[in-house]
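Residue-level structure breakdown
So you can see what is in the structure, the chains are spelled out below.
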Amino acid sequence: MRTASRFVVVIVFLAVVLGGIFGYKFYQFGQMKEKFSQPQPPAVIEATTAQSVQWQPSLKAVGSIEAVNGIQIANEVPGVIKDILFESGDKVKKGDVLLRLDSQTDEAALTTRRAEERQASREFKRLEDLLPRKAVSQSQYDEAEANLEAARARSIEAQAQLNKKELKAPFAGTLGIRLVDQGEYLATGTPIVEINMLDPIYADYTISEKELANVTVGNQVDVTVAAIPDQTFSGKISAINSSVNAETRTVRIRATLKNPEQKLQPGMFATIQTLRPKMRDIVAIPNTAISFNTYGDFVYVIKENDEGALITERRSIETGGTRDGMVEVTKNLEAGERVVATGLLRLRAGQTVEIEKKGADSGDSADSGKPASEASEEGAN
């Protein structure tokens, strides 16, 4: 009997303890449920407004900067360097002497050829005076004339060979880094220095054959390079290749740019926007307001629900060109609609939001805010 009583006491004790634990947990779950059932505070966001602006249609491509004239100067004849008359980076004019090779042997050869020419000239003159008096035959006279012409040709050849020992700038331009040293022996064709004409300068690029009808000589182009990302260089198309590459189905285009400060250098990677004369109206928003992914681009449009609260609506869109941080929206967004400007990853469709106040409509702060007239004057980036 005593054992049964103890068993009952233990059972009652355990029931009280477990009931207390379960009751406390039930109370905690109730509190959590009540907490989660309360509405979440709205997310604070920045907003922007889809704008209707005028953009100049453009065609974007990539290419490279090329010198109008650019070569590596090399020697035609071998020899030892006697004088170096330039420094790396010098600006030179056409015909400026850059380097002289030792020319003693060639000068001696020229002296010999000129002496032979003078002797042949005297002999020809003597026979020319004797020919009218029949003192010499016609064949002797003809031979003397031929000898004189040959002597003159050998003199010209020797002079030309001597001139090759003096290297001159073939055109006005800027020199690169000197590649040879005083007293060095140069074999034929040794690179000496690079020279480039930098103003004006070319931008060469290619476009698809289907775009060929949209470009003509004289179209304006805006060029940017990675070395100077904040500056745009303007020019015009100066030439369009007369054939289409059969392998890539592209056409090579050449634009000429002014480069007075010589900031553009041959070999630079360039982004080229070919502008078309006709303007068009488009809807544009900042690129930060768009989520770009492989399944399609989308934005969060800000709408009001029945209670007057602001909520997000996820909307798929199609995009076009870009310019100055703005993206053209070609489908599913109208001018004047407000969209979330930044921080799209922390939002979801149907979420309540609150627009951050910045002294004015936050949409204005997120927009580029440029009037159509200003946008139309800008070059494409």
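Scope of this entry: the structure provided in the associated data block. (Residues numbered from 1 in each chain as written. Predicted model: local features only at pLDDT ≥ 70, side-chain atom pairs only at ≥ 80, totals over all residues. Heavy atoms only, no water.)

This paragraph deals with the environment of L167. With respect to the helices and strands, L167 occurs in strand β8 (residues 166-168). Of the residues examined, L167 reaches a relative accessible area of 8% and is grouped as buried. On a C-alpha basis, the gap between L167 and I73 in space is 8.4 Å, while along the polypeptide they are 94 residues apart. Among all residues touching L167, those that are not within four sequence positions of it are I73, A74, N75, D96, V97, L98, L99 and I192. (Helix = DSSP H or I, 4+ residues; strand = E, 2+ residues; numbered from the N terminus. Buried < 20%, exposed > 50% of the residue type's maximum accessible area, 1.4 Å probe, protein only. Contact = heavy atoms within 4.5 Å.)

This part takes up the pairing of strand β4 (residues 58-74). Of the strand pairs in this sheet, β4 and strand β15 (residues 269-275) are connected by seven bridges, and their pairing is antiparallel. Within β15, the position partnered with S64 by the bridge is F269. Examined bridge by bridge, β4 and strand β11 (residues 191-208) share 11 bridges and lie antiparallel to one another. Counterpart to I65 in the pairing with β11 is A203. (Pairing = 2+ DSSP bridges.)

A few words now on the nonpolar core. Nonpolar side chains in soluble globular proteins generally cluster together in the buried interior. In terms of nonpolar packing, the biggest core is built from 23 residues, with I65, Y205, V221, V223, V225 and L264 touching the most fellow members. If you list the elements that add at least two residues to this core, you get β4, β11, β12 (220-225), β13 (228-240), β14 (250-257) and β15. Per-element accounting of this core gives the leading share, five residues, to β11. Once you skip the residues sitting within four places of it in the chain, L264 turns out to touch I65, I201, V225, F233, L257 and N259. (Core = buried A, V, L, I, M, F, W, Y, C linked by side-chain atoms within 4.5 Å.)

Per the counting criterion, the structure on display carries two aromatic pairs. Taken together, a centroid distance of 5.6 Å and an interplanar angle of 80 degrees make the contact between F298 and Y300 edge-to-face. On the basis of relative accessibility, which here comes to 8%, the residue F298 falls in the buried class. Residue class for Y300 comes out buried when judged on its relative accessible area of 5%. Directly above the aromatic system of F298 lies the positively charged group of R314, at a separation of 3.7 Å from the ring centroid. (Phe/Tyr/Trp six-rings, centres within 6.5 Å; stacked < 30°, edge-to-face > 60°. Lys NZ or Arg CZ within 6 Å of the ring centre and 35° of its normal.)

For the rest of this paragraph, the subject is the side chain of D222. With respect to the element layout, D222 can be found in strand β12. A polar side-chain atom of D222 sits 3.0 Å from a polar atom in the side chain of S234. (Polar contact = N/O pair within 3.5 Å; in protein donor to acceptor, adjacent residues only side chain to side chain.)

Moving on: the layout of surface pockets. Approximately 200 Å³ is the volume attributed to the largest pocket. Every residue lining the largest pocket is counted, 14 residues in all, and those nearest its centre are S58, Q273, R280, G321 and T322. Every element with two or more residues in the lining of the largest pocket is listed here: β4 and β18 (310-323). Element by element, the count of residues in the lining of the largest pocket is highest for β18, at four residues. For the lining of the largest pocket, the residue count by class is three nonpolar, six polar and five charged. (1 Å grid on protein atoms, 1.4 Å probe; cavity = no way out; pocket = protein on both sides within 12 Å on 5 of 7 lines; lining within 4 Å. Points joined across faces, edges and corners; volume = space filled by probe spheres on them. Nonpolar A, V, L, I, M, F, W, Y, C, P; charged D, E, K, R; others polar.)

Here we take up the pairing of β13. Strand direction decides the pairing type here: β12 and β13, joined by five bridges, are antiparallel. Residue pairing for β13: V223 is matched across the bridge by F233. Hairpin connection from β12 to β13: two residues lie between these consecutive antiparallel strands. Sheet topology note: the β13/β14 ladder contains five bridges and is antiparallel. Bridge pairing links I240 to I253 in β14.

That's the geometry; what it means functionally is another story.
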